[in-house]
Amino acid sequence: MNEVIKKYKLRKLYKSSDVSAVWNASQNLQVISHPQYGLISPNEYRAKYKNKPCPYCGKKMVQGQQFYSTTSRQDAINRGYQYVDKSGNKTINQAGRNFFHPNYITLDHRTNKARCPEKLFDSDNLEAICWRCNNQKGDDNSFELQHTCDYLNSLAEEARSRYPKL
Ligand SMILES: [Zn+2]
């Protein structure tokens, strides 16, 4: 029987490190009640999106540490894992000693988990996005809105260029 994490307990967490600890410890527990997939773990949820396009950048999301991570920074650079982040710095996704592919799948909380811990495992608050986009997003809850806005602007731009005024 899996440990069940009750919402009233989640609500009492207020330190972001506590929230992260619960999240990290629950990766293989069936704590997400998904309307389509039933009761699944965060790892199972994440795996559903393997090889699917990231909803933000459209790049194929990858999974599988043996193929998409390395312990050597130089190897990561050779593999093309390095990219320029929103601050203009060269960066490589890193967890522990491993460097990861930029489009490795992550599970993002639409509403920041530290701000709203009771939504930690709500399927409608979870979204599979690539690590790079997750980095860009950071803690910024306006990211999604801004992204939508950028996208609409680019559509408008394209429409203008395609259909010049007569
Ligand atoms: Zn992405």
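Each chain has its residues counted from 1, following the order in which its sequence is written. Two thresholds apply to this predicted model, a pLDDT of at least 70 for residue-level local features and 80 or more for giving and counting side-chain atom pairs, whereas whole-chain, interface and lining totals are computed over all residues. The basis for the side-chain values is all heavy atoms of the structure; hydrogens and waters are excluded.

- Identification of the chain as HNH endonuclease from Lusitaniella coriacea LEGE 07157 is taken from an unreviewed UniProt entry.

## Things to note about the coordination of the zinc ion
Okay, so step 1: Summarising the metal site, the zinc ion is bound by the protein donors Cys54 (SG), Cys57 (SG), Cys130 (SG) and Cys133 (SG), whose distances to it range over 2.3 to 2.4 Å.
Okay, so step 2: Donor atoms: N, O and S within 2.8 Å of the metal, or within 3.2 Å for Na, K and Ca. Because water is excluded, sites can look incomplete. Here a site with four donors is tetrahedral if all angles are between 85 and 135 degrees, and a site with four or six donors is square planar or octahedral if opposite donors are over 155 degrees apart and the other angles are between 65 and 115; anything else gets the irregular label. Of note is the zinc ion, whose 4 donor atoms meet at the metal with angles of 105 to 118 degrees in an arrangement that counts as tetrahedral.
Okay, so step 3: The sequence pattern describing where the donors of the zinc ion fall on their chain is C-x2-C-x72-C-x2-C.
Okay, so step 4: Think of it in three bands: with a 1.4 Å probe and only protein chains considered, a residue is buried below 20% of the maximum accessible area for its type, exposed above 50%, and partly exposed in between. Cysteine 54 sits in the buried class, given a relative accessible area of 3%.

## A few points about the pattern of salt bridges
Okay, so step 1: By convention in these notes, a salt bridge is any Lys or Arg side-chain nitrogen within 4 Å of a carboxyl oxygen on Asp or Glu. Tallied over the full model, the rule gives 5 salt bridges.
Okay, so step 2: Among the ionic pairs, aspartate 75 bridges to arginine 79, the shortest N-O distance being 3.2 Å.
Okay, so step 3: Its salt-bridge partner being aspartate 108, residue lysine 137 comes within 2.3 Å of it at the nearest N-O pair. Remark: aspartate 108 occurs in strand E8 (residues 105-109) and lysine 137 occurs in helix H6 (residues 131-137); sequence separation between them is 29 residues. Each of the two residues, lysine 137 as well as aspartate 108, counts as buried.
Okay, so step 4: Put simply, Lys119, Asp122 and Asp124 are held in one network by salt bridges that share partners. The way it works is that DSSP assigns letters per residue, a run of H or I at least four long becomes a helix, a run of E at least two long becomes a strand, and they are numbered from the N terminus.

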